[in-house]
Amino acid sequence: MRRENLERRSAQDRSAAERKRRAAGAGAERAGTKRAPKTGAAAEAASKIWRGVLQLLFPLRCPVCDDIVVPAGEKICLECLGKLELLTPPWCMKCGKKLPREGEFCADCMKKRHVFRRGRALYAYESAAPSIYRFKYGGRREYADFYGEQMAQYLGSYIRGLQPDALLPVPLHRRRMAARGYNQAQLIAEAVGRRLGVPVYTDFLVRVKNTAPLKYENPKERQNNLKKAFNIARNDVKLKRVVLVDDIYTTGSTMDEAAETLKEAGAEEVFFIALACGTGI
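Residues numbered from 1 in each chain as written. Predicted model: local features only at pLDDT ≥ 70, side-chain atom pairs only at ≥ 80, totals over all residues. Heavy atoms only, no water.

A. Representation of the packing of helix 5 (residues 125-137) against helix 6 (residues 143-162). It is the contact of helix 5 with helix 6, at a shortest axis distance of 10 Å, that shows an interaxial angle of 130 degrees. Taken together, the axes of helix 5 and helix 6 lie oblique to each other. Facing helix 5, whose interface residues are Ser 131, Ile 132, Arg 134 and Phe 135, helix 6 presents Tyr 143, Ala 144 and Tyr 147. Among the residues forming the contact of helix 5 with helix 6, the class breakdown is five nonpolar, one polar and one charged. (Axes fitted to C-alpha atoms, helices over the stretch in contact; angles between N-to-C directions. Helix = DSSP H or I, 4+ residues; strand = E, 2+ residues; numbered from the N terminus. Parallel < 35°, antiparallel > 145°, perpendicular 65-115°, else oblique. Contact = heavy atoms within 4.5 Å. Nonpolar A, V, L, I, M, F, W, Y, C, P; charged D, E, K, R; others polar.)

Here is the structure:
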């Protein structure tokens, strides 16, 4: 209850600028409908001018240092860009975790048979943990655009190669959604989907069990906690190859349970992407 109250207050306090930014953008779109649409260079110039106005009125926060982004117009401070550690080979061919030496699978994946086919993550958890914490619990929705841009740039080839029918964000339970105000996995999925042209279904997979926080549980406890946690909310769409999207990959219990539910509904292959992953988290 204390965590939910904290999330609710924090989300309300720190997302005010983002709400104003979206409202201002929506107002501009409505105003724009009264004039003939601009095309080509004129449209691009108008878009740049409007983005500049928004940046002056509601400056973006850096995903790393959380200060106002310098220089203006960027999504991250240039001096902070290298502080987020990209996962590089060798990585586990199953879950994407960084391997200490050349090999095919991490120790976790050698011991456990996963339901998902394969996954990849963008950052090493240790370097991204403070940023992700603010993104999830501090109302920093604006980070999602930078995350999506980075995932499209570095994981785009992997995602396109899968030729998925859709990206599916790992859902929150309705109570946690009400407390937080948004689903961070959905924001990431939408940002990636826009850039890669992949459909995003936010109402296909739902969480029907309000699971306890998983970070304090061992792998067996996580597995038991997540049993029957998900359900399919739509039967009018048939998806054969899907990519789950989440902020953090740990033991794979969440991905496995979601993949199991999707396969029972007819999915043939389930992959995943995550913002960060690491060992011992």
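After that view of the structure, there is still more to cover.
B. Structural view of the pattern of salt bridges. Scanning the model with the defined rule gives 13 salt bridges in all. The residue Asp 145 makes a salt bridge to Lys 75 at a minimum N-O spacing of 3.8 Å. Residue Asp 145 is found in helix 6, and its partner Lys 75 is found in the loop between helix 3 (40-57) and helix 4 (107-111); the two are separated by 70 residues along the sequence. The exposure class of Asp 145 is partly exposed, given its relative accessible area of 27%. (Salt bridge = Lys/Arg side-chain N within 4 Å of Asp/Glu carboxyl O. Buried < 20%, exposed > 50% of the residue type's maximum accessible area, 1.4 Å probe, protein only.)

C. Layout of helix 5. Most pronounced at Ser 131, the bend in helix 5 amounts to some 35 degrees. Of the residues making up helix 5, those classed as buried are Ala 128, Ala 129, Ser 131, Ile 132, Arg 134, Phe 135, Lys 136 and Tyr 137. Positioned one or two residues after helix 5, Gly 139 has a phi angle of 75 degrees, which is positive. (Bend = angle between axes of the 7 residues up to and from the residue.)

D. Highlighting the sheet that holds strand 1 (residues 118-124). The four strands are arranged 1-6-5-2 in an open sheet whose pairing can be described as parallel. Strands with a single pairing partner mark the edges of an open sheet, and in this sheet they are strand 1 and strand 2 (166-169). Strand-to-strand twist across the sheet, computed as the mean angle between neighbouring axes with direction ignored, equals 20 degrees. Where strand 5 (residues 241-249) lies against strand 6 (residues 269-277), eight bridges are found, and the strand directions are parallel. Of the residues in strand 6, the one forming a bridge with Ile 248 is Ala 276. (Pairing = 2+ DSSP bridges.)

The values are spatial; any link to function lies outside them.
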